[in-house]
Amino acid sequence: MPIKNLFRYWTYQVFTPGTVLREKYEAFKRLIDHDRQAHDHLASLEDLYYNKKQVDFQSVVNTYGEFSDSVAGMVDELLRMCPMGYWSLKDYYKKFDFYVRFMLAPPEFDFSPPFVLALGNADSLDESVAGAKAAVLNRLNRELHLPVPEGFVITTRAFHFFLEANALRPFINRQLADLDIFDPVSLADTAGKIENAILEAPLPEELSREIETALAHFQKDKTGRRLAMRSSAVKEDGRASFAGQYRSLMNVDPLNAGRAYKQIIAGKYSAAALSYRIRCGIPDHETPMAVLVLEMLDAQAAGVVYTRDMDNPETGDLLIHSAWGLGGLVVDGRVTPDLIRVDRKGAITQRHTGSKQQQLVLDGPQGPRMVKTSDDNQSALSLNTPDILTLNRWSRKLEEHFHAPQDIEWCLNRDGLLFLLQSRPLRNPQQTRQKNASIDPGEGLKPVCSGGRTICRGRAAGPVFYLKHPGQMGDIPENSIVAAPFGLPQYVTAIHKMAGIILHTGSTAGHFASIAREFGLPAMVCADGFDALEPGNTVTLDADAGRVFKGKIDGLLSHSQQRFQEDEFSQSSFMDKLRFTIRFCADLKLTDPDSHEFGPDHCRSLHDIIRFAHETAMREMFFTGRRKGSRKKGAKQLISGLPMLLYILDVGRENDGGLSAANETALRMDHLASIPMKALLRGLSHPDICWDETTHFDWDAYDKIVMAGGIISADSPQFGSYAVVARTYMNVNLRFGYHFVILDSRCTPSIEENYILFRFSGGGGNENGRWLRADFIGAVLDRLGFVTQITCDLIDARLMEKDEQTIQTTLELTGRLLGATKLMDMYLKNKGDVSRYVEEFMKGRYDFRSFKD
């Protein structure tokens, strides 16, 4: 049985009180169950936020929905317990819930016609309607009067209409909510389901009619035109390039345009596109897909212009990458293109002929296809001087117009005419990183690979993994130096496992090169020595200097810099929305139930509502007064000698009672008959546990909660701990400052009936201390035989089907653990401390005030 289900089981295994209290107690049980679920979901949200978990935003939406439902359940059950009070709590819940849902909700989708707009004729094709690629191409034509292919765009409105007409959005959201991009099976399965659903859905008649009308107008002056259909999503070609992540189709028959349209919008949910988008922290609804439909140009040469040298942007040099045929092999890295450098004065300062052994050409209705480049062309520059100077002039004009360096795709058709196909910002995250100086790796060390061209700066070491084809990506070991013939955009799905990458062919202009730079992956192209790399052998990649050495060279690695993609994710819209959500979910201001401000009108978050509902329910269940009232019949205070207030309800029958003093108003330790409760208290009372160690710590800074020995004030019943017991059963809620411990146990002669369930939640202090304390507790529980599950500082653990003596011994050790860890977050400073403290605890140390090492 899963741990979470076991904890749900707890609330149905407690006592059944008398008839008078039955209805209130049933509401109380349901409230406690909602409380448990709320803490589960809150821990999941905090885990996503503090650990920057890369999941689809729909996971946040769903988790928040479950969290909100649990909080609402607590409020409803509290109002059932107290029908005459606290109704304003529901208003505060609705207010906070509205704020969060407003932030999480996608915008209103516009799926009204027109669904198709012509390039060049529309006065304004902005990104929200046409996507980034189409909007920019339209500006090149209308504002700068530069040559672009003729065509039209099937807008984002069409995309929204298609999903709405086929009721696909709820299905897609369900799939995305459960997606794990780091699990290849989950990623492939989710992508396949969504893509298939889109491909199998019919094209709405209204949309199909508009596409047919646009095609008829497109073909009017030039029949037999073939189509190039390209993605044009919102946020594509922007801060996140999405380089090569979306689908483009070349040489499409106009009769198949409807099918091709569905293939391209389905490509929005390919494994690579999903992985990339989520890693960039962009919610799905922020990237609706438009589709560019252009005249298919038969190119004699094509390539990419960078208006700045990525390694030396201050020079003002412009770089043209060019190859024979269509440009697909350049951006896919399958060829090493010609490289032409033009300085800021327009002088051509470098002409380097690349390795262009293959080219991509049209082949009538069958193309495009790969063919061998003729021997003459392999050694010839693919672009002549007049065309170089024209591209330079156009590119400088684009950089000036957009006020930023540009990454430009171009082609030269068979008639010798140049066209621009795309322009997007040339993002260079490396500009913020210091360029490492060349470092001597050590006397006598010679590189295995040398003369490489830097794609992304950085240094890394790891075992070589030779990636021959994408099907091997699941086999890449963690922290490998990947060696690949060329860099494909879909490698992004495994980029988290790569320490660096070495490509045999390619250039800085490839799609994967853009991705490597965005994710800070040390990368280079190096043909010299590539074949000498031996799979499994450790090498050190120095992408700054374009070289690779055998073994791990610490002298080089000590000068390496951290990969910087995490900073990009921290600044993403995903994290912005999650940060707002955490503010209204997790912040806790209501900390002191004894304060006059402990009431609904002082709640400032859903966590405050949880705390108020829980405290008030406990008071209503165990006390008659609103704040310091007397105990209800049957709830008795245990005088234990420990600095805590513990109230106990005996739920056993005549021969199975948990207490031996039915008529006493206050209990002593010798009145306890509950086997598991006595074992737990023996552990808490161990003489080596120190309860007076907090004199040096200012607990008043924690919102004036007065502490005694790390547990709650001994003079406030509202801070009490509570237990229900029978002779062989115990369910206890212990309060340790800001955190809570729940223990549920049965201890009988029957092994099959015996168990211990443990939950630790909440906690004061900073996140690092809380999580280290959770790691410590979890590690000790593991050593005691528990099966544990940790989410941030929430710990769930279970020990099942052990003999009676083992249960008692484990409960006693658990009590010692709780006593030893009450301020553990103040002692633990790093991960290394955890293992040392665990070993000391297992040897019998329960006081860590003076422990050093």
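Residues numbered from 1 in each chain as written. Predicted model: local features only at pLDDT ≥ 70, side-chain atom pairs only at ≥ 80, totals over all residues. Heavy atoms only, no water.

### A word on the overall build of the protein chain
Across its full length, the protein chain holds 24 helices and 31 strands. A burial count over the protein chain gives 60% of its 853 residues as buried. Long-range contacts, defined as pairs at least 24 residues apart, comprise 67% of the intrachain contacts of the protein chain with a sequence gap of at least 6. Put simply, the protein chain shows about 34,600 Å² of open surface, and 49% of that area lies on carbon and sulfur atoms. (Helix = DSSP H or I, 4+ residues; strand = E, 2+ residues; numbered from the N terminus. Buried < 20%, exposed > 50% of the residue type's maximum accessible area, 1.4 Å probe, protein only. Contact = heavy atoms within 4.5 Å. Areas by Shrake-Rupley, 256 points an atom, 1.4 Å probe, with all protein chains shown as cover.)

### Examining the pattern of salt bridges
Between side chains of opposite charge, a pair can form as their charged atoms come close. For the structure on display, the rule yields 46 salt bridges. Between glutamate 399 and arginine 308 there is a salt bridge, with its nearest N and O atoms 3.1 Å apart. With a gap of 91 residues between them, glutamate 399 in helix 14 (residues 385-402) and arginine 308 in the loop between strand 6 (299-306) and strand 7 (318-324) connect regions that are remote in the sequence. For aspartate 587, the salt bridge identified is with arginine 583, shortest N-O distance 3.9 Å. Residue class for aspartate 587 comes out partly exposed when judged on its relative accessible area of 29%. (Salt bridge = Lys/Arg side-chain N within 4 Å of Asp/Glu carboxyl O.)

### So, the sheet that holds strand 14 (residues 453-456)
Taken in spatial order, the 7 strands line up as 14-18-17-16-15-19-20 in an open sheet, and their pairing is mixed. Two strands close off the open sheet at either side, each with one partner strand: strand 14 and strand 20 (547-550). Going from strand to strand, the sheet's axes swing by 35 degrees on average, the running direction of each strand aside. Here 3 bridges tie strand 17 (residues 498-503) to strand 18 (residues 523-525), and the two strands are oriented parallel to one another. For isoleucine 501, the partnering residue across the bridge sits in strand 18 and is alanine 523. Sheet strands touched by helix 15 (residues 511-519): strand 14, strand 17 and strand 18. Its angle to strand 14, the strand with the most contacts, is close to 60 degrees. (Pairing = 2+ DSSP bridges. Axes fitted to C-alpha atoms, helices over the stretch in contact; angles between N-to-C directions.)

### Points about the sheet that holds strand 3 (residues 227-233)
Strand order in the open sheet made by the 5 strands is 1-2-5-3-4, with antiparallel pairing throughout. The open sheet has two free edges, formed respectively by strand 1 (116-118) and strand 4 (248-252), since each of these has just one partner strand. Between one strand and the next, the sheet's axes are offset by a mean angle of 20 degrees, whatever the strand orientation. Here helix 9 (residues 205-219) sits on the sheet in contact with strand 1, strand 2 (151-154), strand 3 and strand 5 (289-295), set at roughly 170 degrees to strand 2. Packing against the sheet, helix 10 (residues 257-266) makes contact with strand 2, strand 3, strand 4 and strand 5, and its axis sits at approximately 35 degrees to strand 3.

### Let's talk about the side chain of threonine 156
As for its placement among the helices and strands, threonine 156 is situated in helix 6 (residues 156-165). Of note is the side chain of threonine 156, whose polar atom sits 2.6 Å from the backbone oxygen of serine 128. Excluding residues that lie within four positions of it along the chain, threonine 156 makes contacts with Ser128, Val129, Gly131, Val234, Pro288, Met289 and Ala290. (Polar contact = N/O pair within 3.5 Å; in protein donor to acceptor, adjacent residues only side chain to side chain.)

### A look at helix 22 (residues 804-820)
Spanning 17 residues, helix 22 covers 25 Å between terminal C-alpha atoms, matching the ideal 24 Å at 1.5 Å per step. All of the buried residues in helix 22 are Ile807, Gln808, Thr810, Leu811, Glu812, Thr814, Gly815, Arg816, Leu817, Leu818, Gly819 and Ala820. A distance of 3.1 Å separates the backbone nitrogen of glutamine 805 from a side-chain oxygen at the start of helix 22, and that oxygen is part of aspartate 803. (Expected span 1.5 Å × (residues − 1).)

### What about the nonpolar core?
Among the nonpolar cores identified, the biggest contains 77 residues, and Ile154, Met229, Tyr261, Tyr491 and Ile501 are the most heavily contacted of them. The residues touching tyrosine 261, leaving out its near neighbours within four places in the chain, are Ile154, Ala158, Phe159, Leu203, Leu207, Met229 and Val291. (Core = buried A, V, L, I, M, F, W, Y, C linked by side-chain atoms within 4.5 Å.)

### As for unusual backbone geometry
With an omega dihedral of 5 degrees, the bond running from proline 113 to proline 114 counts as a cis peptide bond. If you trace the backbone, proline 114 turns up in the loop between helix 4 (88-104) and strand 1. Despite not being glycine, aspartate 237 shows a phi value in the positive range, around 60 degrees. Looking at the secondary structure, you find aspartate 237 in the loop between strand 3 and strand 4. Given the relative accessible area of 6%, aspartate 237 is considered buried. One non-glycine residue, cysteine 792, lies in the positive phi region at around 55 degrees. Of note, cysteine 792 is situated in the loop between strand 30 (787-791) and strand 31 (794-800).

### Examining helix 8 (residues 184-200)
Here helix 8 is 17 residues long and its end C-alpha atoms lie 24 Å apart, about the 24 Å a rise of 1.5 Å per residue gives. Of all the positions in helix 8, only Ser186, Leu187, Thr190, Ala191, Ile194, Glu195, Ala197, Ile198 and Leu199 are classed as buried. For helix 8, the secondary structure elements touched by its buried residues are helix 6, helix 7 (169-177), helix 10 and helix 11 (271-279). The opening residue of helix 8, the one whose side-chain oxygen lies 3.0 Å from the backbone nitrogen of valine 185, is aspartate 183.

### Some points on the confidence of the model for the protein chain
Taken as a whole, the protein chain shows an average pLDDT of 86; of its residues, 87% reach a score of 70 or greater. Note that residues 694-718 has pLDDT below 50 and, in this model, 61 contacts with residues that lie over four places away or in other chains. (pLDDT = per-residue confidence, 0-100.)

### Concerning the environment of arginine 611
Looking at the secondary structure, you find arginine 611 in helix 19 (residues 606-622). Overall, the relative accessible area of 8% leaves arginine 611 in the buried class. Separated by 13 residues in sequence, arginine 611 and phenylalanine 598 place their C-alpha atoms 9.7 Å apart.

### Topic: the packing of helix 20 (residues 675-684) against helix 22
Orientation of helix 20 relative to helix 22, taken along the N-to-C sense of each, is 40 degrees, at an axis distance of 6 Å. The interaxial crossing formed by helix 20 with helix 22 has right-handed handedness. Within the contact between the two elements, helix 20 uses Ile675, Pro676, Ala679, Leu680, Arg682, Gly683 and Leu684 and helix 22 uses Glu804, Gln808, Leu811, Glu812, Gly815, Arg816, Leu818 and Gly819. Among the residues forming the contact of helix 20 with helix 22, the class breakdown is 7 nonpolar, 4 polar and 4 charged. (Left-handed = near helix turned anticlockwise from the far one by under 90°. Nonpolar A, V, L, I, M, F, W, Y, C, P; charged D, E, K, R; others polar.)

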